[in-house]
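# Chains, contacts and geometry: an overview
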Amino acid sequence: MQILFFIILVILFLYYFYKLTKDDYIFIRKNLSLEQLFDIVFMMLWGSIFTARIFYFIFHPVELNTLLSAIFSSGGGFSLTGAIIGGVATLYIVARRKKAPLGRLFDFVTLSFVGILPLGFVIYAFSRKQSETYLYLLYAFLYLILAFFYRKFLYPKVLSKTQKEGNVSLLFL
């Protein structure tokens, strides 16, 4: 069931990313089409999923023989910190290779991620025990406030270039 929610969140992330970048003149001027941007984002998603799984088993050891067998087993989960670290590293490597504007791409990915993060915490809250539900709903509320702040105040500054590219991502990290 969790994989279904994960797929829905990824689709919403991609849709939000599309809405933010579809008419961005910087990407058009750099001759980056939406197809190339989505190629970069899909590579980032695969890298973040892989590192999220690795980080989960590094910080939650299991009784299996090796780390490799644990990663490909059906048990366990994913680490949000590992996903962010892996996504940042993969996005940096791939965007440098494709000669994409790094700061701007990082900002739009961060805006998309922060936009769907509250929904992810709400979904996760209702899959936990009753005592943990309120804590994750509090996280969802705080990230909703953060998403509203980013969308209302920082996104227009990114578009008008009054804020230096990459600062939104650094602020989130």
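My aim in this report is to walk through the structure given alongside it, one point at a time. (Residues numbered from 1 in each chain as written. Predicted model: local features only at pLDDT ≥ 70, side-chain atom pairs only at ≥ 80, totals over all residues. Heavy atoms only, no water.)

## Some points on the packing of helix α5 (residues 80-98) against helix α6 (residues 102-125)
Here α5 crosses α6 at 155°, and the two axes come no closer than 11 Å. Between α5 and α6, the crossing angle belongs to the class labelled roughly antiparallel. Crossing handedness for the pair α5 and α6: right-handed. In this structure, α5 contributes Leu80, Ile84, Val88, Leu91, Tyr92, Ala95 and Arg96 to the contact, and α6 contributes Leu102, Leu105, Phe106, Val109, Phe113 and Phe121. Among the residues forming the contact of α5 with α6, the class breakdown is twelve nonpolar, no polar and one charged. (Axes fitted to C-alpha atoms, helices over the stretch in contact; angles between N-to-C directions. Helix = DSSP H or I, 4+ residues; strand = E, 2+ residues; numbered from the N terminus. Parallel < 35°, antiparallel > 145°, perpendicular 65-115°, else oblique. Left-handed = near helix turned anticlockwise from the far one by under 90°. Contact = heavy atoms within 4.5 Å. Nonpolar A, V, L, I, M, F, W, Y, C, P; charged D, E, K, R; others polar.)

## Re the layout of surface pockets
Of the voids in this model, the largest pocket is the one considered here, and its volume is about 1,500 Å³. In this structure, the largest pocket is lined by 46 residues; those nearest its centre are Phe6, Phe78, Ser79, Leu80 and Ala83. Among the secondary structure elements, those contributing two or more residues to the lining of the largest pocket are α1 (2-21), α3 (34-59), α5, α6, α7 (130-159) and α8 (167-172). Top element by residues in the lining of the largest pocket is α6. It accounts for ten residues. Residue classes in the lining of the largest pocket are distributed as 32 nonpolar, twelve polar and two charged. (1 Å grid on protein atoms, 1.4 Å probe; cavity = no way out; pocket = protein on both sides within 12 Å on 5 of 7 lines; lining within 4 Å. Points joined across faces, edges and corners; volume = space filled by probe spheres on them.)

## Details of the environment of phenylalanine 57
In this fold, phenylalanine 57 is placed in helix α3. Along the sequence, phenylalanine 57 and glycine 76 sit 19 residues apart, while their C-alpha atoms lie 7.5 Å from each other.

## Here we look at α6
Across its 24 residues, α6 extends 33 Å between first and last C-alpha, which sits within 8% of the 34 Å expected from 1.5 Å per residue. Where α6 bends most, the angle comes to about 35°, and this point is leucine 117, followed within four residues by the proline proline 118. Most of α6 is tucked away: 18 of the 24 residues are buried. (Expected span 1.5 Å × (residues − 1). Bend = angle between axes of the 7 residues up to and from the residue. Buried < 20%, exposed > 50% of the residue type's maximum accessible area, 1.4 Å probe, protein only.)

## Focus on the nonpolar core
Counting 38 residues, the largest nonpolar core has Phe13, Phe17, Val41, Leu105 and Phe108 as the members making the most contacts within it. Looking at this core, the elements with two or more residues in it are α1, α3, α5, α6, α7 and α8. The element best represented in this core is α6, accounting for eleven residues. When sequence neighbours within four positions are dropped, the list of residues in contact with valine 41 reads Phe13, Leu14, Phe17 and Val109. (Core = buried A, V, L, I, M, F, W, Y, C linked by side-chain atoms within 4.5 Å.)

## A short note on the side chain of threonine 110
On the secondary structure map, threonine 110 appears in helix α6. Reaching out from threonine 110, the side chain makes a polar contact with the backbone oxygen of phenylalanine 106 at a distance of 2.8 Å. Within the local environment of threonine 110, its side chain forms a polar contact with the side chain of serine 169, the two groups lying 2.8 Å apart. Aside from chain neighbours lying at most four places away, what touches threonine 110 is Tyr150, Val168, Ser169 and Phe172. (Polar contact = N/O pair within 3.5 Å; in protein donor to acceptor, adjacent residues only side chain to side chain.)

## Brief notes about unusual backbone geometry
The residue asparagine 31 is not glycine, and still its phi comes out positive at about 65°. Topologically, asparagine 31 is positioned in the loop between α2 (25-29) and α3. A relative accessible area of 65% places asparagine 31 in the exposed class. One non-glycine residue, lysine 99, lies in positive phi territory at about 60°. Here lysine 99 lies in the loop between α5 and α6. Exposure remark for lysine 99: the relative accessible area of 70% places this residue in the exposed category.

The quantities given are spatial measurements derived from coordinates; they are silent on function.
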